[in-house]
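# An overview of the molecular structure
Listed here are the chains, written in short residue letters.
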Amino acid sequence: MRTGVVPDIPLDELELPDLAVRVDANLVTPADIDKVLAALASADTAESKLAALFVALGFYAGLRRNEILGLCLSDVQPYPRGGANVAH
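## Some thoughts on the overall build of the protein
- Broken down by element type, the protein carries three helices and two strands.
- Along the chain direction, N to C, the helices and strands of the protein fall in the order α-α-α-β-β.
- Counting only residues that meet the buried cut, the protein has 10% of its 88 residues in that class.
- At a minimum sequence separation of 6, the contacts of the protein that also span at least 24 residues come to 21%.
- For the protein, the exposed area adds up to about 8,000 Å²; of that, 60% sits on carbon and sulfur atoms.

This is the structure in structure tokens:
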């Protein structure tokens, strides 16, 4: 759509860097998370249990740090057969 508000930008004159290396956005795999959770479980401290919860919520529920920190107990509804629904 041309509105005349912004002049046309000649993109054919734009010089882009050569990006020979591609970046994989999925740097952390489920196997990586399993290793982290196993290491945290072996520590068996209150802090490691809390860290394991944060890691699991971040990876498996896709929550960001601030979303995890903002959760209340009422936001997590466990399923009778395991798992939970997290309202965020």
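## A look at a nonpolar patch on the surface
- Residues Leu-50, Leu-53, Phe-54 and Leu-69 make up a contiguous nonpolar surface patch of about 380 Å² in total accessible area.
- Broken down by element, the residue count for the nonpolar patch peaks at three residues, all from helix 2 (residues 46–60).
- Relative to the helices and strands, Leu-50 resides in helix 2.

## Thoughts on the packing of aromatic side chains
- Scanning all chains against the criterion turns up one aromatic pair.
- Ring centres of Phe-59 and Tyr-60 lie 5.0 Å apart, and the angle between their planes is 90°; this geometry places the pair in the edge-to-face category.
- Since its relative accessible area comes to 49%, Tyr-60 is described here as partly exposed.

Cut-offs and rules
- Residues numbered from 1 in each chain as written.
- Predicted model: local features only at pLDDT ≥ 70, side-chain atom pairs only at ≥ 80, totals over all residues.
- Heavy atoms only, no water.
- Helix = DSSP H or I, 4+ residues; strand = E, 2+ residues; numbered from the N terminus.
- Buried < 20%, exposed > 50% of the residue type's maximum accessible area, 1.4 Å probe, protein only.
- Contact = heavy atoms within 4.5 Å.
- Areas by Shrake-Rupley, 256 points an atom, 1.4 Å probe, with all protein chains shown as cover.
- Patch = residues over 30% accessible without salt bridge, like charges linked within 9 Å, V, L, I, M, F, W, Y side chains within 5 Å.
- Salt bridge = Lys/Arg side-chain N within 4 Å of Asp/Glu carboxyl O.
- Phe/Tyr/Trp six-rings, centres within 6.5 Å; stacked < 30°, edge-to-face > 60°.

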